[in-house]
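Fold and geometry: a report
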Amino acid sequence: MSETIHIYHTNDLHSHFTNWPQIKSFLAERKRWHEEEGDVCLILDIGDHVDRSHPYTEGTGGKGNVQLLNEAQYDAVTIGNNEGITLSKEELADLYVQADFKVVVSNLFDLRGNRPQWAKPYHIIRTTNGKRIGLVGATAEFTPFYHKLGWRLTDAKESIIQAVKEIEEHTDLIICLSHLGIKEDELLADLCPQINIILGAHTHHVFHEGKWQGDTLLGAAGKFGVYVGHIAVAEAFEKTTAQLVEVSRLREEQEGFDERLIEQGKIQMNELVFHSDKTLKAEWFKDSELATLFGQALIEFTEADCALFNAGIFMEDMAKGAMTRYNFHQMLPHPINPCLVELSGAELKEIYLQSLNSEWPQLELKGMGFRGAVFGKMIHLNMEIINHRFYINGQLAVHDQTYRLVTLDMLTFGYFFPSLKRAAKTYFMPEFLRDVFSEYFHSKALK
């Protein structure tokens, strides 16, 4: 008796849980249908299910996401950069302890070269009729960030190809869970045609009917749970079809689900940090007392000479009264780390002048860890230009002297300041901006 293999895949949910009840109900219904027909149903996630900008994920350390995947009966996942580098090494090591699914990631090791116990380079599933389905997977190479956290990342494509070599003689179908991005997936398909299906993520691309790259089928379902991908593999691989299911067209389930998760996260983060004696306004387009205090916190934490950041990071005011971990999370929800950059006086002046770009404040920024609406005004602390002269900490900057600038990691990736991408940098991890800011006030309250 022939069987069809049905593969359902999600990716880059980023803790957008509004559609999750519909996704869970849809997957349960389809799994029941296919198994009643004697077919195979696999449910896979391709990473970045976790996003610490959501209170439920933050409050549960990502374990709430794992519980949701368990309840939806996922068979396997790979990790994205949000699982890999926005959690501490200890938090990631503990994330999948209660997972009912396999975690397939071939290019992650500790600094001694040991693969974490919860990660598998591949996984082989045998169907009722004896078909052997091999799963391989890898995550994006954010190598310096992983190293800072105590992990070693190897070449993603090479690790996948090696895993394929180990299983190709023992499988009838090979599926790759790739959190590498569309360009890497296309290259991987050319380098390793033994892979039958590559399920993609990371670049949030969409293939409504899949995309053939040689003899390999690429599938991708966008982001935020807008789509669920479905690939059906008939007896002959040539009969494979791919489609995306638009979740908004599914029947409504559990109204208010996301709000209940937010409330759970709020309860988890109800720890008092300090009492504020006044309200500090979040201003996106001008200097503010809130921004000045934040800059002081960054400088104190990193022992920098000066600070540079965008005011759009502040999503809520600092209210008068009790300030809890939840309040700081809501004010600074971004999974962004501080970064210390060493620059000469001349280089720092150039950065300062570039930061005065009049178009940036209104820029609607998406990605790079930023979870806000607009970029906002550039805030400068301990540096200014007076009468065409550049001053740092009130002293005239020396052209060839080295200074220490603290900024946000997203400003060092090359999009805004190409020179910061090339400069000597120290990323502070796993501390997020909110951690630094809350600790600044907490330590002041204890004095």
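Right above here is the structure, for reference.
It should be emphasised that the depicted structure is a prediction, and the values quoted were computed from it without experimental measurement. (Residues numbered from 1 in each chain as written. Predicted model: local features only at pLDDT ≥ 70, side-chain atom pairs only at ≥ 80, totals over all residues. Heavy atoms only, no water.)

Let's talk about the sheet that holds strand 22 (residues 389-392)
In plain terms, the rule: Whether two strands pair comes down to DSSP finding at least two bridges between them. Numbering of helices and strands runs from the N terminus, with a helix taken as a DSSP run of H or I at least four residues long and a strand as a DSSP run of E at least two residues long. Throughout, a contact is declared for two residues whenever any of their heavy atoms are within 4.5 Å. Structural elements are reduced to axes, namely lines fitted to C-alpha atoms, with helices fitted over the stretch in contact, and the angle between N-to-C directions of any two is expressed from 0 to 180 degrees.
Pairing within the open sheet is antiparallel, and its three strands lie in the order 21-22-23. Looking along the sheet, the strands with just one partner apiece sit at the ends: strand 21 (383-386) and strand 23 (395-396). Contacts between helix 12 (residues 345-354) and the sheet are confined to strand 21 and strand 22, with strand 21 contributing the most and set at about 80° to the helix.

A word on the sheet that holds strand 4 (residues 102-104)
The strand order across the open sheet built from seven strands is 6-4-3-2-1-14-15, with neighbouring strands paired in mixed fashion. The sheet is open, and its two borders are formed by strand 6 (119-120) and strand 15 (241-246), each paired with just one other strand. As judged from the six bridges shared by strand 14 (residues 227-233) and strand 15, these two strands associate in the antiparallel manner. Bridge assignment links Y227 to a residue of strand 15, and that residue is E246.

What about the layout of surface pockets?
Heads up, the condition is: Both cavities and pockets are sets of points on a 1 Å grid over the protein atoms alone; in a cavity a 1.4 Å probe fits but cannot get out, in a pocket the set is open with protein on both sides within 12 Å along at least five of seven lines, and lining residues sit with an atom within 4 Å of a point. Grid points are joined across faces, edges and corners, and a volume is the space filled by probe spheres set on the points. When residues are grouped by polarity, Ala, Val, Leu, Ile, Met, Phe, Trp, Tyr, Cys and Pro land in nonpolar, Asp, Glu, Lys and Arg in charged, and all others, Gly among them, in polar.
The volume enclosed by the largest pocket comes to roughly 1000 Å³. Together, 43 residues line the largest pocket, and D51, G367, G369, F370 and R371 are the ones closest to its centre. Elements represented by at least two residues in the lining of the largest pocket include exactly helix 4 (81-85), helix 9 (257-268), helix 11 (325-331) and strand 25 (424-427). Each residue belonging to the lining of the largest pocket can be placed in one class, and the counts come to 15 nonpolar, 18 polar and 10 charged. In this model, the second largest pocket occupies a volume close to 250 Å³. Along its surface, the second largest pocket is lined by 14 residues, and E271, V273, R325, D435 and S438 are the ones closest to its centre. Mapped onto the lining of the second largest pocket, the elements with two or more residues apiece are strand 16 (272-276), helix 11 and helix 14 (433-446). Considering every element that reaches the lining of the second largest pocket, the biggest residue donor is helix 14, with five residues. Of the residues belonging to the lining of the second largest pocket, the class tally is four nonpolar, three polar and seven charged.

Overview of the environment of R115
To be explicit about the condition: A 1.4 Å probe rolled over the protein chains alone gives each residue an accessible area, and that area as a share of the maximum for its type sets the label: buried under 20%, exposed over 50%, partly exposed in between. As used in this structure description, the phrase polar contact means that two N or O atoms lie within 3.5 Å; if the pair is within protein, one of them must be able to donate a hydrogen and the other to accept it, and residues adjacent in sequence are counted only when both atoms belong to side chains.
Structurally, R115 can be placed in the loop between strand 5 (108-110) and strand 6. We classify R115 as partly exposed; its relative accessible area is 31%. Sequence separation of R115 and Q98 is 17 residues, and the distance between their C-alpha atoms is 18 Å. In this view, R115 contacts V105, S106, L108, F109 and P121; residues no more than four positions away in its chain are not counted. A distance of 3.1 Å separates the side chain of R115 from the backbone oxygen of S106, its partner in a polar contact.

Focus: empty space enclosed by the protein
If you walk through the whole model with that rule in mind, you get one cavity of 30 Å³ or more. By volume, the largest cavity is sized at about 50 Å³. Lining the largest cavity are D45, H49, V50, G62, N65, V66, L69, V77, T78, E83, L95 and Y96. Among the elements that make up the lining of the largest cavity, the one with the highest residue count is helix 3 (residues 63-71) (three residues).

Things to note about the packing of helix 7 (residues 156-167) against helix 8 (residues 182-191)
The test is simple: Note on convention: the crossing is left-handed when the near helix lies turned anticlockwise from the far helix by less than a right angle, right-handed when the turn is clockwise.
For the pair helix 7 and helix 8, the least separation of the axes is 11 Å and the interaxial angle reads 40°. For the pair helix 7 and helix 8, the crossing hand works out as right-handed. Counted together, K157, I160 and I161 of helix 7 and E184, L187, L188 and L191 of helix 8 form the full contact between these two elements. Split by residue class, the contact of helix 7 with helix 8 holds five nonpolar, no polar and two charged.

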